[in-house]
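One letter stands for each residue in the lines below.
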Amino acid sequence: MSANTEEKRLPLTGIRVVEFTHMVMGPTCGMVLADLGAEVIKVEPIDGDRTRHLLGAGAGFFPMFNRNKKSIALDLRHPQGLEAAMRLCATADVVAQNFRPGTMEKYGLGHAALSKLNPRLVYVNHTGFLPGPYEHRTALDEVVQMMGGLAYMTGRPGDPLRAGTSVNDIMGGMFGAIGAMAALMQRAQTGKGQEVQSALFENNVFLVGQHMLQYAITGQAAAPMPERISAWALYDVFTVKDGEQIFLAAVSDAQWTVFCDALGFDDLKADPSLCTNNDRVRVRPTLLADLRKRLADRPAAELSAIFEARGLPFAPIVRPEDLYEDPHLKATGGLADIRLPDGERAGQTAQTTLFPITLGGQRLGVRLDPPTLGEHTRELLAELGYAESQMAAMQAESAVA
């Protein structure tokens, strides 16, 4: 099957998205729409999205969240670059941005201005906070995790801890994409576009909503996850042979019986004080201490095999880099090759994770590698009606700056 034939099967084929984004939140929105088939054009400054060259924990940002996109480099500080951006937005179905409040309005690229130019436009604002007392604060994933209860729930008491990935940035971008698709469906009925807003803080509050309702219903505040009162006795991480770690669980009386039979713990199975789940929860500290001793010399691989064969919940403790060798991901096509666009490994191939859904039994793959800076600038400017001489003048203007 040709790439073009495959692309026609995707739900958002024919939708054009222009994104003015950086970091993670806005690019995630664009990536979701791109994976679903939209033509996504990333407008970058002349010196490029700064995440192209981040080190450490930021090194994976650009290649992860900018696949299936085109890149056009424009200098919005100069009239010709700004005019080109305006022309591009006039052709868009969706414009997405995640810069600080007022930035896009300063360039005349905010929702109010662009909706006059293009009434059918769906405009997605990714912000730190929805309109209200906090809206002008500078937000980061870490900021909203701290003020939104997630860091408190993740860490131990007195030691708030952010989650180990950009949960709010990524989910905020996903909610932006959901809003964009809903607005496109409504546009099909009304003929009019609208503004969509997605915000980090509100996203984080949504994530901890279950803990808020726990308090509203029971009157008892949710304890941080490391200190929570578990609903099940066997539901924990165990350190086993050679210092390996594995999560093991039995979340019903039937599973407890299976667990005892599988491990040969007839004495525990016969103990009347461990008969029901609630009985076991009441003596959980003592029971877990006993189980840790019993399991200390068992290899993690052996325990995994026993639990898998009997349908019991388990999970080896895996690092992100280990997932490249995960047999399930390899067998199901959960990883895909991309060409790295920047840095010392530019032009080399690495594997990235795909959007975690299937459509018609198929994963949504990589149609376009993460673009090099301005890779599609001339192609897109020509499509917008610019002559070669105009492109050269625009390039010269930016070089002088």
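Our subject is the structure that appears above.
Residues numbered from 1 in each chain as written. Predicted model: local features only at pLDDT ≥ 70, side-chain atom pairs only at ≥ 80, totals over all residues. Heavy atoms only, no water.

Visitor: Explanation requested: the pattern of salt bridges in the structure shown.
Guide: One side chain can pair with another of opposite charge once the charged atoms of both are near each other. Counted according to the given criterion, the structure contains 25 salt bridges. A salt bridge links Glu39 to Arg16, with the nearest nitrogen and oxygen atoms 2.8 Å apart. With Glu39 in strand S2 (residues 39–44) and Arg16 in strand S1 (residues 16–20), this pair connects stretches of sequence that are 23 residues apart. Judged by relative accessible area, which is 23%, Glu39 ranks as partly exposed. Note on Arg16: relative accessible area 7%, which makes it buried. Residue Lys69 pairs with Glu19 through a salt bridge whose shortest N-O separation is 3.0 Å. Placement of the pair is Lys69 in strand S3 (residues 69–73) and Glu19 in strand S1, with a sequence separation of 50 residues. Taken together, the shared-partner salt bridges connect Arg16, Glu39, Lys70, Glu379 and Glu383 into one network. (Salt bridge = Lys/Arg side-chain N within 4 Å of Asp/Glu carboxyl O. Helix = DSSP H or I, 4+ residues; strand = E, 2+ residues; numbered from the N terminus. Buried < 20%, exposed > 50% of the residue type's maximum accessible area, 1.4 Å probe, protein only.)

Visitor: What's the story with the sheet that holds S2 in this structure? I'm lost.
Guide: Taken in spatial order, the 6 strands of this open sheet run S3-S2-S1-S4-S5-S6, and their pairing is parallel. Both outer strands of the open sheet, S3 and strand S6 (195–199), are each paired with one neighbouring strand and no more. Direction aside, neighbouring strands of the sheet carry axes that sit 20 degrees apart on average. Where helix H9 (residues 167–190) meets the sheet, its contacts fall on strand S4 (94–97), strand S5 (122–127) and S6, and the angle it forms with S5 comes to roughly 160 degrees. (Pairing = 2+ DSSP bridges. Axes fitted to C-alpha atoms, helices over the stretch in contact; angles between N-to-C directions. Contact = heavy atoms within 4.5 Å.)

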